[in-house]
Amino acid sequence: MRIVFATHNPNKIKEVLHLLPKHIDLLSLTDIDCVEEIPETGQTLEENALLKAQYVVRNYGYPCFADDTGLIVDALGGAPGVYSARYAGVHKNADENMARLLSEMKKKPNRSARFKTVIALFLEGEQQLFTGKVEGEIIHEKKGEQGFGYDPVFKPVNFDKTFAELPLSVKNKIGHRGKAVRKLVDYLKKINNTTE
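This section reports on the structure supplied with the text. On a predicted model such as this, the values are computed, not experimentally measured, just so you know. Numbers given to residues run from 1 along each chain, matching the order in which its sequence is written. Predicted model: local features are reported for residues with pLDDT of at least 70 only, side-chain atom pairs are reported and counted for 80 or more only, and whole-chain, interface and lining totals are derived from all residues. Derived side-chain values reflect all non-hydrogen atoms in the structure, with water molecules and hydrogen atoms excluded from consideration.

1. Overview of unusual backbone geometry
And step 1. For the bond running from Ala79 to Pro80, omega is -5°, close enough to zero to count as cis.
And step 2. Put simply, DSSP marks the helices as runs of H or I at least four residues long and the strands as runs of E at least two long, and each gets a number from the N terminus on. Note on placement: Pro80 falls in strand S4 (residues 80-81).
And step 3. Although it is not a glycine, Lys92 adopts a positive phi angle of roughly 55°.
And step 4. Assignment of secondary structure puts Lys92 in the loop between S4 and helix H3 (94-104).
And step 5. Its identity as a non-glycine residue notwithstanding, Glu124 has a phi of 50°, on the positive side.
And step 6. Of note, Glu124 is situated in the loop between strand S5 (112-123) and strand S6 (126-138).
And step 7. Classification of Glu124 by relative accessible area gives exposed; the value is 75%. With a 1.4 Å probe rolled over the protein chains alone, any residue whose accessible area is under 20% of its type maximum counts as buried; one over 50% counts as exposed, and the rest are partly exposed.

Right, here's the structure in full:
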């Protein structure tokens, strides 16, 4: 099965490839020469994931799945949420996003937060949604060199290291995107009657 993952982000592709069965040929937006910025005008993660997947199916004709991920911080009323990637501006700079977050969290005693990923799949005329969450907290300074996005400032529950300090294998096992992708994979296996 050939399917597009609607992203240009090599880090996301790397995470997902570790989880997909061998019979799935994964293509990125770069692979299908989709260079335009797909509008993310939804008010929720679900809406944005659906918009991206629909765009690829409509304009390129491939079956597609897309994800949208948000960091939800309790002390900030759920922010940055759907605006996580562009929290410090439309240029989507991870270091600037983290700097703004840490600045806003300076005097907040409640550090609890969660990552949420929603994957929208469009396949053979049908649409499915898969969700993964992971609870944790925002630490006071960046730690670790792995991962991407807010990983250096997010410490998952029951761990003493941030996502940026943990190996990819561990992050995929406990993380939001890994949970959502496993639900996607289970669905693809079911409709293909395969256990690979």
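2. Details of the pattern of salt bridges
And step 1. Here a salt bridge means any side-chain nitrogen of Lys or Arg lying within 4 Å of a carboxyl oxygen belonging to Asp or Glu. Counted under the stated rule, the structure contains 16 salt bridges.
And step 2. A salt bridge links Glu15 to Lys171, with the nearest nitrogen and oxygen atoms 2.6 Å apart. Residue Glu15 is located in helix H1 (residues 10-17), and its partner Lys171 is located in helix H4 (residues 168-174); the two are separated by 156 residues in the primary sequence. Of the two residues, Glu15 and Lys171, neither departs from the other in class, the shared state being buried.
And step 3. A salt bridge links Glu37 to Lys92; its shortest N-O distance comes to 3.2 Å. Taken as a pair, Glu37 in the loop between strand S2 (25-27) and helix H2 (45-60) and Lys92 in the loop between S4 and H3 lie far apart in primary sequence, 55 residues in all.
And step 4. What makes Glu37 exposed here is its relative accessible area of 62%.
And step 5. Here the residues in one salt-bridge network are Lys12, Glu15, Asp67, Asp151, Lys171 and Arg177, joined through shared partners.

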